[in-house]
Amino acid sequence: MENEIFTPLLEQFMSSPLVTWVKTFGPLAGGNGTNLEEYVALVDGVYLNEVMLQINPKSANQRINKKVNNDASLRIQNLSILVKQIKTYYQETLQQLIMMSLPNVLIIGKNPFSGKFIFN
């Protein structure tokens, strides 16, 4: 049942403008992945941290866990580093303060397939 609900959300999310833009930085999941494989590449945080490094090469390069292997704690750590990098970029480079609520990396990290956060 959950899969019947999540699959359309996944397809909608993976075709969203944000994901389309992120894909311009390079192929997800080796370039030949399914929507699910590409989604996993996003929620593991490795690919998005690499994108952030391209956007802000001067950022302090923190150690990213490249082999997450569905480990929630490693995923949470990678996503926490990403959020910190984004906040730092906004404050130091753009000189702007982020006023909107940021994604809850604990929810994403613990259950990336819940679909609860995709369009919230």
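Note: the structure precedes this text.
Below or above, wherever it landed, is the structure these notes cover.

About the cut-offs
Residues numbered from 1 in each chain as written. Predicted model: local features only at pLDDT ≥ 70, side-chain atom pairs only at ≥ 80, totals over all residues. Heavy atoms only, no water. Buried < 20%, exposed > 50% of the residue type's maximum accessible area, 1.4 Å probe, protein only. Helix = DSSP H or I, 4+ residues; strand = E, 2+ residues; numbered from the N terminus. Salt bridge = Lys/Arg side-chain N within 4 Å of Asp/Glu carboxyl O. Core = buried A, V, L, I, M, F, W, Y, C linked by side-chain atoms within 4.5 Å. Contact = heavy atoms within 4.5 Å.

Examining helix H3 (residues 35–43)
Working step 1: Residues of H3 that are buried: Glu38, Tyr39, Ala41, Leu42 and Val43.
Working step 2: At the exit of H3 stands glycine 45, carrying a positive phi of roughly 85°.

What to know about the pattern of salt bridges
For side chains bearing opposite charge, pairing can occur when the charged atoms are close.
Working step 1: With the rule as written, the count across this model stands at three salt bridges.
Working step 2: With a shortest N-O distance of 3.0 Å, glutamate 38 and lysine 23 are connected by a salt bridge. Of this pair, glutamate 38 sits in helix H3 while lysine 23 sits in the loop between helix H2 (17–22) and H3, and the two are 15 residues apart along the sequence.
Working step 3: Close ionic contact of aspartate 44 with arginine 75 constitutes a salt bridge, the shortest N to O distance being 3.3 Å. Note that aspartate 44 is positioned in the loop between H3 and helix H4 (46–55) and arginine 75 in helix H5 (residues 72–93), a separation of 31 residues in sequence. A single burial state applies to aspartate 44 and to arginine 75, both of which are buried.

Focus on the nonpolar core
Working step 1: Counting 20 residues, the largest nonpolar core has Phe13, Met14, Leu28, Tyr39, Leu42 and Tyr47 as the members making the most contacts within it.
Working step 2: Looking at this core, the elements that each hand over two or more residues are helix H1 (2–14), H2, H3, H4, H5 and helix H6 (105–110).
Working step 3: Take this core: its biggest share by element is five residues, from H5.
Working step 4: In this view, tyrosine 47 contacts Val22, Lys23, Phe25, Gly26, Pro27, Leu28, Ala41 and Leu42; residues no more than four positions away in its chain are not counted.

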